[in-house]
Amino acid sequence: GEERGEERQLWPLKTNTLAVPVAGPGSVLFFRYQLFIMVWALVIAGLWVAFVSSTDGSLYSLGTENPESPRELCAVIHRGYEQQRSLMSTKAYFLAAAYVTSFVLCIGFGILQQRAFHRLNLHATHADFVAYVDGLPPISGSENLEEILKTELQTALSQDVVGVSVGWDFAQHSDRILEILEADVTALEPASKADGADEGAAGPQSSARWKWFQGMDKLMLTQVLGIDLTEHSKTPAGPEALSAESISKSLVASPAALVVFKTESGRDAAVNSKKKISFRGSTLQVQALVSEPMGICWQNLAIPRKKKRERIWAAIKMILLASFAWSVFIYMPFAQYTSSFSYSNGDKPSVAVTMSLTVIVVLGNLVMYTTCAEAAARVGFMLRDSQEGTYMVLYTFSILVNILLDAALTGSIAYRTAVAQRARTYGGTLIADLTRAQAIFESFEIQRQLGLAVFKYCWPAMFLIPFVGEAIGANCFTLHLARLVVSSFSHIKGFRAQQALKILVPMDSGRYADVLINITAAVLIFFLPGGYTLPLFIALALSHVFIICFDHYRVLRCVPSFCFCSSVVDDYGQMLLILPCALTLAAFVLKANCTVSSSFCVQDTSLGLSMLLAFTLHVAVHWFILQTIVPKLGNVKEHEPTKFTYDQVAGSIAPSWFNLNPAHCLRSKYFYKHPAPCTYFMQGKEHLLRKNEKSMSFYEDQRKVVKEMYFPFALG
């Protein structure tokens, strides 16, 4: 066998993902973002300790009491109200400090992220040589468009052009093209003894399974895990399937193409010239493109902008429909059931029913996660970063809607409980007799119950359980099940076995949304008594220790290779940090009302409008700073074009603008008939790529990827 030194190694588990771009510069920003959330949570916890320590310390337990009798409840309400009023100024000053600190930290972190990205982006990559060409007319694949366009652009721009990767419209044949390309890649792999050992052996074990087992196999393994269980993989395509050559000629060019220049300075000169090029009755425009090859959705280049805008609105409608359906069929029945209890004399939901709210929260988030991911994918963005950023924003706001629904349900339960217990305000008025919303919300018993509800909602239902479930269910269990399937079905081997062992959950920007939702939910405790503030923020920090460790392992060992090419997704994440800062300011307005200064004392609608005004004002100021000041302070060094040429850079980085374009690879072999065609890039198959500049193939490294041993819990 090969020596370990002759294999291409995986990233060691001790790799510092906070500094090393294992999956593009965006991956470093991704892990730094998670670290920032932990630091922010600890800073807020430290501020809280500092302010509470200046008092008698009663804020540490305010609102955490659990009275067991009406007499104890009256005592808790009386004592709690007095403590809350006497210490309200301390809470208000803490919120002012927390707001200013959070605002400054977010802006400073945004600047540091910009600087980190520019520093990491100094290394020469494929992105330094590419530009985007828009305006191509629909041209048939029967013409050698790549060569024609290369010559035209080179003449018009007076720059050396390496090649052109045309965005062919292959949506109609996408499955067939990928089938052909995968077969071509598989054919290049030397047959191993393991692959040939079963040729004369008995048929696949799946044929001997009971029929109802086979149906379960198809449902769970094929539909859920995506494992191909068919036993006729070597059967040639039917007569209705088009040949590869006929498909390559039937393609039609989309308006978009990517032109690759020999040097970065040549690319920059072509883009800066803003020259309009006449080509077959159309006007071509060369534009800048910030992306790496793995960041392009090649199948979406043919989708026009107008259709994308329509799909965005359709995606929003899809998410609203899913949220409405979840509310009607899940939240409302649960709310109706919990409302059926009188909450007096022990008539209240059982512990199991109460815990089911945690399940509803987790499942609700999972439903919105799946819906938003599907909605963003259907839009048809050309750049994966744009798709991921859109998904993150949609997911964040959809979960915020879920949080509002949960808050309404929790508030209703808290009010009914207080009414059933005949709880009173500090002044002796029954809560049932209160008519003003502000008076009901500020009554200590409602505040106490809401504080406990927010803490239980966040920890562990939101902060930890979904991520532990993701680690165990979507990664460990999925991999374990896939290994059992591969070992049980003898016809699943070679490339098909590798495909089956892919982890179910891919790497995406959803974690940005997850942590943003966590900190937004944590900030809600600022509106309530302070007893749960310290444990909640410590729980937030500790939970994210697990999350960042899990993601570190997942990136280095679990998911297929990916690339966060740009800072687009992180920019979206920076903008969404506006929400917790704005909520903190709104909480300050609430707590400072009639407390810090006698000149500011408003009630009811005026108080609500004041909080809304503060929230909106912060959003505007924070947004303005992110759009103007942060980019200027973040980009501290002028970028200098690399001295390397494209063939030198492409010779060391396998995925390129050509071998990731399915249509280009198909045409290289079946239309241009290159002796050494451009081989389609597949993760783990880099050793099959062969250098041939005529087919735009520049990478060759015949070392295989080292085989990684799995932990015992993943063994079949």
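Sequence order as written defines the numbering, with residues in each chain counted from 1. A pLDDT threshold of at least 70 governs which residues receive local features in this predicted model, and a stricter bar of 80 or more applies before side-chain atom pairs are shown or counted, although totals over entire chains, interfaces and linings include all residues. Calculation of side-chain values draws on the structure's entire complement of heavy atoms; hydrogens and water are dropped beforehand.

**Description of the pattern of salt bridges**
For the record, the criterion: Counted as salt bridges are all cases of a side-chain nitrogen of Lys or Arg within 4 Å of a carboxyl oxygen of Asp or Glu. Secondary structure elements are taken from DSSP: a helix is a run of H or I of four residues or more, a strand is a run of E of two residues or more, and numbering for both begins at the N terminus. Remark: exposure states derive from per-residue accessible area (1.4 Å probe, protein chains only) relative to the maximum for the residue type, with buried under 20%, exposed over 50%, and partly exposed in between.
In the structure shown here, the tally under the stated rule is 18 salt bridges. The salt bridge partner of Glu 179 is Arg 176, with a shortest N-O separation of 3.4 Å. With Glu 179 and Arg 176 both in helix α5 (residues 174-188) and three residues apart, this pair spans about one turn of that helix. By relative accessible area, which is 44% here, Glu 179 ends up partly exposed. The closest approach of N and O atoms between Glu 245 and Lys 673, which form a salt bridge, is 3.6 Å. With Glu 245 in helix α8 (residues 244-250) and Lys 673 in the segment after α23 (662-670), this pair connects stretches of sequence that are 428 residues apart. Judged by its relative accessible area of 33%, Glu 245 is partly exposed. A single salt-bridge network, built from bridges that share partners, covers Glu 470, Arg 511, Asp 514, Asp 551 and Arg 554.

**Here's the deal with helix α14 (residues 444-462)**
Cut-off, in case you're wondering: A helix is expected to span 1.5 Å multiplied by its residue count minus one.
End to end, α14 covers 25 Å across 19 residues, agreeing with the expected 27 Å (1.5 Å per residue, within 8%). Most of α14 is tucked away: 15 of the 19 residues are buried.

**Here's the deal with the pairing of strand β2 (residues 161-169)**
This is how the line gets drawn: Think of it this way: DSSP has to see at least two bridges between two strands before they count as a pair.
Burial of β2 is extensive: eight of the nine residues sit out of reach of the surface. Bridge count for β2 against strand β3 (residues 252-261) is seven bridges, and the pairing is antiparallel. Pairing of Val 161 across the sheet is with Phe 261, part of β3.

**Observations concerning the side chain of Ser 27**
Definition in use: Polar contacts, as used here, are pairs of N or O atoms within 3.5 Å; protein pairs need one atom able to donate a hydrogen and one able to accept it. Residues neighboring in sequence count only if both atoms are side-chain atoms.
Mapped onto the elements, Ser 27 comes out in helix α1 (residues 25-53). A relative accessible area of 1% places Ser 27 in the buried class. A polar contact of 3.3 Å, which involves the side chain of Ser 27, links it to the backbone nitrogen of Ala 23.

**Focus on unusual backbone geometry**
With omega at 0°, the peptide bond leading from Trp 459 into Pro 460 counts as cis. Mapping Pro 460 onto the fold places it in helix α14. Phi at Lys 274 is positive, roughly 50°, even though this residue is not glycine. One can find Lys 274 in the loop between α9 (264-273) and β4 (276-279).

**Focus: the packing of helix α15 (residues 465-488) against helix α18 (residues 533-558)**
Using the following cut-off: Structural elements are reduced to axes, namely lines fitted to C-alpha atoms, with helices fitted over the stretch in contact, and the angle between N-to-C directions of any two is expressed from 0 to 180 degrees. Any angle that falls under 35 degrees is termed roughly parallel, while one over 145 is termed roughly antiparallel, one within 65 to 115 roughly perpendicular, and all others oblique. By definition, turning the near helix anticlockwise from the far helix through less than a right angle yields a left-handed crossing, and turning it clockwise yields a right-handed one. Here, two residues are considered to be in contact whenever any of their heavy atoms come within 4.5 Å of each other.
Close contact between α15 and α18 brings their axes to 10 Å; oriented N to C, the two are set at 25°. Classified by the interaxial angle, the pair formed by α15 and α18 is roughly parallel. By crossing handedness, the relation of α15 to α18 is classed as left-handed. Contact residues: Phe 467, Val 468, Glu 470, Ala 471 and Asn 475 in α15; Phe 546, Ile 547, Phe 550, Arg 554 and Cys 558 in α18.

**Notes on the state of the cysteines**
Spelled out, the test is: The disulfide criterion used throughout: a pair of cysteine sulfur atoms within 2.5 Å.
Going through the model one piece at a time under the given rule, you end up with one disulfide. Not part of a disulfide, Cys 106 finds its nearest cysteine sulfur in Cys 581, a span of 3.7 Å. Exposure remark for Cys 106: the relative accessible area of 4% places this residue in the buried category.

**Details of the environment of Arg 422**
Mapped onto the elements, Arg 422 comes out in the loop between α12 (384-420) and α13 (437-442). Overall, Arg 422 belongs to the exposed group, its relative accessible area being 55%.

**Structural notes on the nonpolar core**
Applicable threshold: Nonpolar core, defined: a set of buried Ala, Val, Leu, Ile, Met, Phe, Trp, Tyr and Cys residues in which side-chain atoms within 4.5 Å join the residues together.
Trp 40, Phe 526 and Phe 537 are the most contacted members of the largest nonpolar core, which totals 118 residues. A per-element tally of this core places α1 first, with 14 residues. Setting aside anything within four residues of it in sequence, one finds Phe 537 in contact with Trp 40, Ala 41, Ile 44, Ala 45, Ala 522, Ile 525 and Phe 526. If you look at the next biggest cluster of nonpolar residues, it comprises 67 residues, including Val 271, Trp 298, Tyr 646 and Val 649.

**Some thoughts on the sheet that holds strand β1 (residues 130-134)**
To summarise the sheet geometry, strands pair through backbone hydrogen bonds and adopt either a parallel or an antiparallel arrangement. Read across the sheet, five strands follow the order β2-β3-β1-β5-β4 without closing on themselves; strand pairing throughout is antiparallel. Every other strand in the sheet has two partners, leaving β2 and β4 as the edge strands with one partner each. Averaged over all pairs of adjacent strands, the angle between strand axes in this sheet comes to 30°, irrespective of strand direction. Sitting on the sheet, helix α4 (residues 145-157) is in contact with β1, β2, β3, β4 and β5 (282-288), with an inclination near 130° to β2.

**Focus: the packing of aromatic side chains**
What characterises a pair of aromatic rings is the spacing of the ring centres plus the angle enclosed by the ring planes. Here is the rule: Each Phe, Tyr or Trp ring (for Trp, its six-membered ring) is paired with any other whose centre lies within 6.5 Å, and the angle between the two planes then decides the class: stacked below 30 degrees, edge-to-face above 60, tilted in between. Counting as a charge over the ring demands two things of the Lys NZ or Arg CZ atom: a distance within 6 Å of the ring centre and an angle within 35 degrees of the ring normal.
Applying the stated rule across the entire model yields 21 aromatic pairs. When the ring of Tyr 391 is compared with that of Tyr 395, the centres are 5.8 Å apart and the planes differ by 15°; the resulting orientation is stacked. With Tyr 391 and Tyr 395 both in helix α12 and four residues apart, this pair spans about one turn of that helix. The buried category is assigned to Tyr 391, whose relative accessible area is 3%. The ring of Phe 671 carries the charged tip of Arg 667 above its face, separated from the ring centre by 4.3 Å.

**As for helix α2 (residues 70-86)**
Put simply, the rule reads: It is the directions from the helix axis to the C-beta atoms that the arc portrays.
Relative to the 24 Å expected for 17 residues at 1.5 Å per residue, α2 spans 24 Å between its end C-alpha atoms, a close match to the ideal helical length. Leu 73, Val 76, Ile 77, Gly 80 and Gln 84 are the residues of α2 that are buried. All buried residues of α2 project into a common sector of 100° when viewed along the axis, lining one side. Exposed side of α2, more than 90 degrees from the buried face: Arg 71, Cys 74 and Ser 86 are the residues found there. Contact partners of the buried residues in α2: α3 (88-120) and α14.

**Side note on the pairing of β4**
On β4, burial follows the alternation: Ile 277 and Phe 279 on one face are buried, whereas Lys 276 and Ser 278 on the facing-out side are not. Of the strand pairs in this sheet, β4 and β5 are connected by four bridges, and their pairing is antiparallel. Its bridge partner being in β5, Ser 278 is matched across the sheet by Thr 283.

**Observations concerning the side chain of His 674**
If you trace the backbone, His 674 turns up in the segment after α23. Judged by relative accessible area, which is 18%, His 674 ranks as buried. Those residues in contact with His 674 that lie beyond four places of it in its chain are Ser 668, Asn 692, Lys 694 and Ser 695.

**Remarks on the confidence of the model for the protein chain**
Close inspection of predicted coordinates is inappropriate in any region flagged by low pLDDT. Applicable threshold: Residue-level confidence of the predictor is what pLDDT reports, using numbers from 0 through 100.
Residues with a pLDDT of 70 or more make up 87% of the protein chain, whose mean pLDDT is 85. The least confident element of the protein chain is helix α6 (residues 193-196), whose mean pLDDT is 45; the most confident is α23, at 96. Across residues 1-5, where pLDDT falls below 50, the model places five contacts with residues more than four positions away in sequence or in other chains. The model gives residues 709-716 a pLDDT under 50, and that stretch makes 14 contacts with residues more than four places away or in other chains.

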